[in-house]
Amino acid sequence: MTEQNAELRKHSLMEIFLTFFRVGTVTLGGGLAMLSVLRHELLVKREWLRDEEFADELTGATSVPGAVVVNFAIFHGHRLRGVPGSAAALLGAVLPSFAIILVVATFLFPYSDHPWVSSFLKGASASVAGLLAHTAFTMAKTMAAKSTQAILAFATAMIALLPWIHPIFALLGIGALSFFLSGRKTEDKT
Amino acid sequence: MIALKLFWSFFTIGLGAYGGGIVTIPLIEHEVVTVNGWLSAEELSNLIAVAQMTPGPIAVNAATFTGHAVGGFTGAVCATSGVILPSLVFCSLLIVLFSRFGHLAWLSRLRKSVQPAVLGLIITAVLTYGRSAVAGIPSGLLAIGTFTVLMVFRDRVHPVLLIILCGTAGIFLY
């Protein structure tokens, strides 16, 4: 416990704030589309966590309502430095979009229907679709290592795609089923 | 009064914002255009374009923008805090739950069990996002190109670089 704390103390609040500020500054699109950037900044560049831990925190961030980056910042900040860490990460993640929107709203909004803007966006969103597919692929290695888990993941996707079902029920239903299955497996072993 | 209304409206949007950006758009439309008439439908579609081009979650961008349009800086702060509050509440609950009871075997098993379902939601996002972003051969190629580059070069390429490259290609393609 103390050893773990000593290791976690390495990160100053300023460092946490700046890291999430950076993530907040470069995450175009938003929602799950920014997972790729989040993973690159935290896991590849800073090595703050491994794929398993990323999967773990992503599970928390996706299971509760709210924007995924914001949830992720709260969880990860807490993991690094407790409540102050959460606050630093949250501020860092939200401040860039807040500030930029104010600037855009004041000066640039009239230009938002310029044809270049919409064609840039078309290309950029196509790219984000590719990024997202790659993240799903990478996360599948840690989140669905077994074939049962892969089937459950696909079942969740199929249910969540039905327009009349709120995705949270897909998560709760399949989560419960998966919990039940994993319980049976541990009983079999003993 | 308007500040409070903004806060409340975006609080409900934050509560419903579940499963990523695209899912949130109908909620924002409902609150901002239909119920409160803060923006026209056309202003909203411009806002969504801007939200996708500017960093940060769409819900947060929409909150700041609408708040600013309706109630100036105070409005922007109120709406943005409103959209974040559900995150704070639910994340704190989960953090407390896991720090109190995290040692219980069934709880950590539950946590592991939800992972495939979360992956399923990411796959859903790939499909819904892909359906709206990829239309026709050029955008299909850009999406496949991005995916391939990432598969080949793995973590050596920064994703934002690819977004900007494809956006620039978009200017020439469309």
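So, a few notes on the structure that sits alongside this text. From a predicted model like this one, the values you see are computed outputs, not experimental measurements.

Let us now look at the overall build of chain A. The helix and strand inventory of chain A stands at eight helices and zero strands. In sequence order, the secondary structure elements of chain A are arranged as α-α-α-α-α-α-α-α. Looking at the 190 residues of chain A, the share that counts as buried comes to 53%. Looking at chain A alone, contacts between residues at least 24 apart form 55% of all its contacts between residues at least 6 apart. Of the roughly 8,700 Å² of accessible surface on chain A, a fraction of 67% belongs to carbon and sulfur atoms.

Turning our attention to the overall build of chain B. A tally of regular secondary structure across chain B gives seven helices and zero strands. When the helices and strands of chain B are read in sequence order from the N terminus, they spell out α-α-α-α-α-α-α. In terms of overall dimensions, chain B has C-alpha extents of about 50 × 50 × 25 Å along its principal axes. For chain B, the residues scored as buried account for 51% of the 174 residues in total. Sequence-distant contacts in chain B: of pairs separated by 6 or more residues, those separated by 24 or more amount to 51%. Here chain B contributes 8 positively and 5 negatively charged side chains, and the mean placements of these two sets differ by 24 Å.

Contact geometry for helix H6 (residues 115-143) of chain A and helix H6 (residues 137-153) of chain B: axes closest at 7 Å, N-to-C directions at 40°. Relative to H6(B), the element H6(A) lies oblique. When you trace H6(A) past H6(B), the crossing you get is right-handed. Of H6(B), the residues touching H6(A) (which contributes A:Gly123, A:Ala126, A:Ser127, A:Ala129, A:Gly130, A:Leu131, A:Ala133, A:His134 and A:Phe137) are B:Ser139, B:Leu142, B:Ala143, B:Thr146, B:Phe147, B:Leu150 and B:Met151. Taken together, the residues of the contact of H6(A) with H6(B) sort by class into 10 nonpolar, six polar and no charged.

Once that is clear, we can look at the packing of aromatic side chains. Enumeration according to the criterion identifies five aromatic pairs over all chains in this entry. With centroids separated by 5.7 Å and ring planes inclined at 35°, the aromatic side chains of A:Phe17 and A:Phe21 adopt a geometry described as tilted. Placement of both A:Phe17 and A:Phe21 in helix H2 (residues 13-26) is noted, with a separation of four residues, approximately one turn of the helix. When its relative accessible area of 18% is taken as the criterion, A:Phe17 is described as buried. Seen from their ring centres, A:Phe54 and A:Phe72 are 5.4 Å apart, and the 50° between their planes marks the pair as tilted. One end of the pair, A:Phe54, is in helix H4 (residues 51-63); the other, A:Phe72, is in helix H5 (residues 68-108), and 18 residues separate them in sequence. Here the two residues A:Phe54 and A:Phe72 agree in accessibility, since each one is buried. The ring of A:Phe179 has B:Arg109 lying over it, and the distance from NZ or CZ to the ring centre is 4.1 Å. Positioned above the aromatic ring of B:Phe98, the side-chain terminus of B:Arg111 is 4.1 Å from the ring centre.

Moving on to the nonpolar core. Counting 92 residues, the largest nonpolar core has A:Phe20, A:Leu38, A:Phe54, A:Leu58, A:Val70, B:Phe10 and B:Val83 as the members making the most contacts within it. When residues of this core are assigned to their parent elements, the largest contribution, 16 residues, is made by H5(A). Setting aside anything within four residues of it in sequence, one finds B:Phe10 in contact with B:Val32, B:Trp38, B:Ala59, B:Ala62, B:Ala63, B:Thr66, B:Ala79, B:Gly82 and B:Val83.

This next bit is on unusual backbone geometry. Its identity as a non-glycine residue notwithstanding, A:Glu47 has a phi of 50°, on the positive side. Structurally, A:Glu47 can be placed in the loop between helix H3 (35-45) and H4.

Moving on to the side chain of A:Ser36. Positionally, A:Ser36 belongs in helix H3. Setting aside anything within four residues of it in sequence, one finds A:Ser36 in contact with A:Leu131, A:Thr135 and B:Pro159.

All names here are of chain A. In total, this model carries nine salt bridges over all chains according to the counting rule given. Residue Lys45 is joined to Glu41 by a salt bridge in which the shortest nitrogen-to-oxygen separation is 3.5 Å. One end of the pair is Lys45 and the other is Glu41, both in helix H3 and four residues apart, which spans about a single turn. Between Arg50 and Glu53 there is a salt bridge, with its nearest N and O atoms 3.4 Å apart. For Arg50, a relative accessible area of 52% corresponds to the exposed category. Glu53 sits in the partly exposed class, given a relative accessible area of 21%. Residues joined by salt bridges that share partners form a network here, namely Arg50, Glu52, Glu53, Glu57 and Arg79.

To continue, consider the interface of chain A and chain B. Taken together, the contact between chain A and chain B spans 90 residues of the former and 82 residues of the latter. Linking chain A with chain B are one salt bridge. Here chain A is connected to chain B by nine residue pairs in polar contact (both at pLDDT 80 or more). Counting residues per element, the ones that place at least two in the side of chain A that touches chain B are H2, H3, H4, H5, H6, helix H7 (147-161) and helix H8 (167-189) of chain A. Here the side of chain A that touches chain B takes 24 residues from H6(A), the largest share from any one element. Class assignment for the residues of the side of chain A that touches chain B results in 51 nonpolar, 32 polar and seven charged.

The rules behind each value
- Residues numbered from 1 in each chain as written.
- Chains lettered and ligands numbered in written order.
- Predicted model: local features only at pLDDT ≥ 70, side-chain atom pairs only at ≥ 80, totals over all residues.
- Heavy atoms only, no water.
- Helix = DSSP H or I, 4+ residues; strand = E, 2+ residues; numbered from the N terminus.
- Buried < 20%, exposed > 50% of the residue type's maximum accessible area, 1.4 Å probe, protein only.
- Contact = heavy atoms within 4.5 Å.
- Areas by Shrake-Rupley, 256 points an atom, 1.4 Å probe, with all protein chains shown as cover.
- Lys, Arg positive; Asp, Glu negative; His and termini not counted.
- Charge placed at Lys NZ, Arg CZ, Asp CG, Glu CD.
- Axes fitted to C-alpha atoms, helices over the stretch in contact; angles between N-to-C directions.
- Parallel < 35°, antiparallel > 145°, perpendicular 65-115°, else oblique.
- Left-handed = near helix turned anticlockwise from the far one by under 90°.
- Nonpolar A, V, L, I, M, F, W, Y, C, P; charged D, E, K, R; others polar.
- Phe/Tyr/Trp six-rings, centres within 6.5 Å; stacked < 30°, edge-to-face > 60°.
- Lys NZ or Arg CZ within 6 Å of the ring centre and 35° of its normal.
- Core = buried A, V, L, I, M, F, W, Y, C linked by side-chain atoms within 4.5 Å.
- Salt bridge = Lys/Arg side-chain N within 4 Å of Asp/Glu carboxyl O.
- Polar contact = N/O pair within 3.5 Å; in protein donor to acceptor, adjacent residues only side chain to side chain.

Keep in mind these values describe shape, not function.
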